[in-house]
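One letter stands for each residue in the lines below.
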Amino acid sequence: MTAKKPEELRSHRWFGVKDLRSFGHRSRAKQMGITADDIGGKPVIAIVNTWSDLNPCHAHLRMRAEEVKRGVLQAGGFPVELPAMSLGETFMKPTTMLYRNFLAMEVEELLRSNPVDGAVLLGGCDKTVPAMIMGATSMNLPTIFMPAGPMLRGNWHGKVLGSGSDVWKYWAELRAGTINERDWMEVEDGIARSFGTCMTMGTASTMAAVIEAMGMILPGGSSIPASDSGHSRLAAASGRRIVDLIWQDVKPRDILTAEAFDNGVTTAVALGGSTNSIVHLIAMAGRAGVALDLGRFDEISRKTPLLANIRPSGAFLMEDFFYAGGLPALLARLSGHLHLDCKTVSGRSLGQVISGAQSYNDEVIRTLENPFKPDGGLAILRGNLAPDGAVIKHSAMEPRLLKHSGPAVVFADYNDMAARIDNPGLPVTPDSVLVLKHAGPIGGPGMPEWGQLPIPKKLLAQGVRDMVRISDARMSGTSYGACVLHVAPESFIGGPLALVEDGDLITLDVPGRRIDLDVDPAVLARRRAAWTPPEPHYVRGYGLLHSRSVSQANRGCDYDFLEGSAPVPEPEIH
Ligand code: FES
C-alpha cells in the first residue's frame with residue numbers, strides 16, 4: 001500500500017523542485033555519477049554506519065552496509081551511507097557512556113541536515129544501540145535498526161568462554177593463583193573468535209533484544225550471530241523493508257509507545273539483562289515523550305519470570321539462544337506479560353510476529369512452569385544512601401548477600417581503589433561493604449563500568465568470590481556480583497554516598513528494596529556541612545557540555561537540552 005506520493009518525499013525538497021538550489025543538488029549528485037534515473041522520485045535511505053577500525057564488534061558492518069544497499073535498491077529506493085561515531089566499547093576511554101549522547105546528537109542531525117527520507121541504523125556495541133535509537137526517535141523519520149549481532153562462543157581447552165563474564169572469572173582465578181599466566185594468555189586467545197558483539201547477555205545483547213521487542217528490528221534479528229549467513233539476509237531484508245516503511249510513513253514514535261517500553265522492560269528482565277538497559281530505556285523513553293521511571297522497572301521485574309538461562313545470570317550464550325529459537329521463542333513464552341497489539345517495523349503486530357514461534361531447548365529458554373528464576377533479575381533500591389534510587393541485578397549475585405549489613409571500606413575514587421584494593425593491610429573482611437565514590441555521570445566522568453569492584457586479593461585467597469559493593473558507577477552487562485549501582489544522586493555533586501566514611505554500617509535489603517547508611521543524622525549533618533565540592537574535571541570542550549547538561553542515572557543520563565519530544569524545525573533549503 002502506497003500512502004505517500006513521490007513529491008511528498010522529504011528528499012524531493014532537495015532534488016525534485018525547480019529552483020537554483022535544486023540545480024546545485026542535482027548537479028553535485030551527477031558529480032558522483034547519480035542521475036534522476038537513480039534518485040528521482042525514490043526514497044533516499046540513510047544507512048547510518050558505526051563501522052570503525054577500532055570497533056571489533058562492528059568489523060563486518062562495511063559488508064552489511066553493502067547488503068542493506070542491495071535490499072534498498074531491490075525495493076526501489078536509493079541508499080546513501082553516512083558514517084557516524086563508532087563508540088567501540090573496548091578501546092574508548094574513559095567510557096563510551098560519555099559519548100552516548102554525542103552519537104545520539106550526531107544521528108539526529110545527520111538525518112535532519114541531509115536529503116534523506118528514512119534510515120537503517122547499523123550498530124550493536126553497547127551504547128551505539130540506545131544512542132542511535134535516541135537520535136532517530138528525536139528526528140522521527142522511518143527507521144529500522146540493523147543490529148551487529150553477537151560473536152561466536154569463546155573456547156579454551158574445550159571449555160566455553162563468555163565475553164566479559166569469563167574475563168572477570170579467570171582474572172579472579174589468576175589473582176587467587178588457581179590458574180597461571182599461560183592459562184590466562186590462552187583465555188585471551190580464545191575468548192573473541194569472530195566479529196560481532198559480546199555473546200553473553202551483556203548490554204549489547206540486552207539492548208538489541210529490547211529494541212526488537214519494542215518493534216524496531218525485523219523479527220528474530222537481534223539473536224542472529226554476526227557471522228551466520230542469516231545475518232547477511234537480515235541486512236538485505238532491512239534494506240527492502242525500510243522502503244515500504246517510508247511509503248507507509250511509519251515513524252519511530254508510532255512504534256515506541258508507552259506499551260512498547262513496557263515490552264522492552266519486560267524483555268530486559270526476562271532475559272536477566274544488563275543493568276545498563278535501565279539507564280538507556282529511560283533515556284530513549286524521554287526522546288519518545290513516554291514517562292518511564294525506575295519504579296516501573298521494579299514493578300515489572302517483580303511479576304516477570306526470568307526465562308533465559310544465559311550468562312552472566314545463567315549458563316549459556318547467545319549462540320545457544322539463537323539455536324533454541326531466539327527472541328521470538330522467548331517472547332512467545334512471555335506473551336501473557338506483553339502488549340501484543342504493539343506495532344513493529346515488519347508491518348505486523350508483536351503478537352502476529354511471535355505467534356507460533358517455537359523453542360527448541362527448554363534448558364536455554366525456560367518454560368513459565370520451570371523458569372530460571374521466578375521473578376526478573378533487576379531490583380530498584382531506595383534508602384537514605386540513594387534517595388533517588390539505585391539498582392542491583394540480584395539474579396547474578398550470591399543469595400546469602402540479599403540481606404546483609406557490614407562496615408564500609410571507602411575508596412575516594414577509582415585510582416584510590418586501584419592503589420589499595422590488594423594492599424594486605426586493607427581492613428577488609430568478607431562482611432565488609434566496599435564503597436566507591438566519584439564514579440557517576442559527572443564524577444566518573446561518564447559513569448564508567450567500575451561498579452563491579454574487584455574482590456580484595458586476600459579475600460580471594462580465602463575463597464571469597466562475592467561481597468557487597470556500592471557505587472554511583474554502572475557495571476558491564478557481562479559482570480556479576482552483589483553490586484549496588486547507579487546510586488543517585490551521585491557523590492560528586494554531594495549525594496549521600498559522598499558522606500560515607502570507613503567503618504560506617506551499611507545495610508542492604510534486596511527483598512525490602514532498601515539501601516541504608518546506619519549513621520546518626522546529626523553526624524551526617526556535620527559531615528554535610530564540612531563537605532566541599534571537588535574540582536570539576538573539565539573547564540572547556542565537550543566534557544564541559546556533558547558536565548553541565550547530563551541528568552542523573554535515575555533520569556537516564558540524557559542532556560537536558562535533548563530530552564523530550566518537542567519539534568525541531570526542518571532546515572530551510574535555500
Ligand atoms: Fe562491543 Fe561488548 S565490547 S558489545
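Residues numbered from 1 in each chain as written. Predicted model: local features only at pLDDT ≥ 70, side-chain atom pairs only at ≥ 80, totals over all residues. Heavy atoms only, no water.

A.B. asks: An account of the overall build of the chain is needed here, citing residue identities and associated values.
C.D. replies: Helix and strand content of the chain: 21 helices and 14 strands. For a compact globule of 574 residues, the expected C-alpha radius of gyration is about 25 Å, and the chain comes in at 24 Å, within 12% of that figure. Each of the three principal axes of the chain carries a C-alpha extent, and together these read 75 × 55 × 45 Å. For the chain, with 574 residues in total, the buried portion stands at 60%. (Helix = DSSP H or I, 4+ residues; strand = E, 2+ residues; numbered from the N terminus. Rg over C-alpha atoms; globule rule 2.2 N^0.38 Å. Buried < 20%, exposed > 50% of the residue type's maximum accessible area, 1.4 Å probe, protein only.)

A.B. asks: So what's going on with the nonpolar core? Residues and values would help.
C.D. replies: If you look at the biggest cluster of nonpolar residues, it comprises 95 residues, and the most contacted ones within it are Val48, Leu111, Leu121, Ile242, Phe261 and Leu281. With eight residues, the single largest contributor to this core is helix 13 (residues 276-288). Counting residues in hydrophobic clusters, the runner-up holds 27 residues, among them Met397, Leu401, Val435 and Leu508. (Core = buried A, V, L, I, M, F, W, Y, C linked by side-chain atoms within 4.5 Å.)

A.B. asks: Which residues make up the side chain of Ser471, and what values go with them?
C.D. replies: Following the sequence through the fold, Ser471 ends up in strand 11 (residues 469-471). Here Ser471 falls in the buried class, since its relative accessible area comes to 0%. Within polar-contact distance, the side chain of Ser471 engages the backbone nitrogen of Ala473 at 3.1 Å. Not counting the four nearest positions on each side in its chain, Ser471 is found in contact with Leu436, Gly451, Val484, Leu485, His486, Val487 and Leu497. (Polar contact = N/O pair within 3.5 Å; in protein donor to acceptor, adjacent residues only side chain to side chain. Contact = heavy atoms within 4.5 Å.)

A.B. asks: Describe unusual backbone geometry, with residues and values.
C.D. replies: Of the consecutive residues Lys93 and Pro94, the connecting peptide bond is found in the cis state with omega at 0 degrees. The topology assignment puts Pro94 in the loop between strand 2 (78-83) and helix 5 (100-113). Cis geometry marks the peptide bond from Arg311 to Pro312; its omega dihedral reads 10 degrees. Within the secondary structure, Pro312 is located in the loop between helix 14 (294-303) and helix 15 (318-323). Non-glycine residue Asp249 carries a positive phi angle of around 60 degrees. Position of Asp249 relative to the elements: it lies in the loop between helix 10 (229-248) and helix 11 (252-255). Take Asp249: its relative accessible area is 28%, and that puts it in the partly exposed class. The backbone phi angle of His486 is positive, close to 60 degrees, even though this residue is not glycine. Looking at the secondary structure, you find His486 in the loop between strand 12 (483-484) and strand 13 (505-509).

A.B. asks: Would you mind going over the environment of Asp38 in detail, with residue names and values included?
C.D. replies: On the secondary structure map, Asp38 appears in helix 3 (residues 36-39). Judged by its relative accessible area of 27%, Asp38 is partly exposed. For Asp38 and Gly76, which are 38 residues apart along the polypeptide, the C-alpha to C-alpha distance reads 9.3 Å. In contact with Asp38, other than residues within four places in its own chain, are Gly33 and Phe78.

A.B. asks: Could you give me a rundown of helix 21 (residues 541-549), with the residues and numbers involved?
C.D. replies: Where helix 21 is concerned, the buried positions are Tyr542, Gly543, Leu544, His546 and Ser549. Where the residues of helix 21 are buried, they touch helix 5.

A.B. asks: Can you explain the environment of Ile392? Please cite residues and give values.
C.D. replies: With respect to the element layout, Ile392 can be found in strand 8 (residues 386-393). Overall, the relative accessible area of 0% leaves Ile392 in the buried class. C-alpha of Ile392 to C-alpha of Thr275: the two residues are 117 residues apart in sequence and 7.5 Å apart in space. Look past the residues within four positions of Ile392 in its chain and what remains in contact with it is Gly377, Leu378, Ala379, Leu381, Met397, Ala482, Cys483, Val484, Leu508 and Val510.

A.B. asks: So, the pairing of strand 7 (residues 378-383): which residues are in play, and what are the values?
C.D. replies: For strand 7, the tally of buried residues reaches five of six residues, placing the bulk of the element in the interior. In terms of strand pairing, strand 7 meets strand 8 through five bridges, oriented antiparallel. Across the sheet, Ala379 pairs through a bridge with Ile392, a residue of strand 8. What sits between the antiparallel neighbours strand 7 and strand 8 is a turn of two residues. (Pairing = 2+ DSSP bridges.)

A.B. asks: Explain helix 16 (residues 326-333) to me, using residue names and the numbers behind them.
C.D. replies: Most of helix 16 is tucked away, with six of its eight residues classed as buried. Every buried residue belonging to helix 16 is among Gly326, Leu327, Pro328, Ala329, Leu330 and Leu331, and all of these are buried.

A.B. asks: So what about the packing of aromatic side chains? Which residues, and what values?
C.D. replies: Counting across every chain of the model gives nine aromatic pairs. Ring centres of Trp171 and Trp184 lie 5.6 Å apart, and the angle between their planes is 40 degrees; on these two criteria the pair is classed as tilted. Placement of the pair is Trp171 in helix 7 (residues 165-176) and Trp184 in helix 8 (residues 181-190), with a sequence separation of 13 residues. Assessed through its relative accessible area of 41%, Trp171 is described here as partly exposed. Here a set of aromatic residues connected by ring pairs shows up, and it is made of Tyr99, Phe102, Tyr542, Tyr559 and Phe561. Over the ring of Trp51 we find Arg62; its NZ or CZ atom is 3.9 Å from the centre of that ring. (Phe/Tyr/Trp six-rings, centres within 6.5 Å; stacked < 30°, edge-to-face > 60°. Lys NZ or Arg CZ within 6 Å of the ring centre and 35° of its normal.)

A.B. asks: Requested: an account of the packing of helix 5 against helix 13, with residues and values cited.
C.D. replies: It is at 13 Å that the axes of helix 5 and helix 13 come closest, and there the two elements cross at 30 degrees. Considering the angle they form, helix 5 stands roughly parallel to helix 13. Here helix 5 and helix 13 pass one another in a crossing that is right-handed. Together, Arg100, Ala104 and Glu108 of helix 5 and Val279, His280, Ala283 and Arg287 of helix 13 make up the contact between the two elements. Of the residues assigned to the contact of helix 5 with helix 13, the class counts are three nonpolar, one polar and three charged. (Axes fitted to C-alpha atoms, helices over the stretch in contact; angles between N-to-C directions. Parallel < 35°, antiparallel > 145°, perpendicular 65-115°, else oblique. Left-handed = near helix turned anticlockwise from the far one by under 90°. Nonpolar A, V, L, I, M, F, W, Y, C, P; charged D, E, K, R; others polar.)

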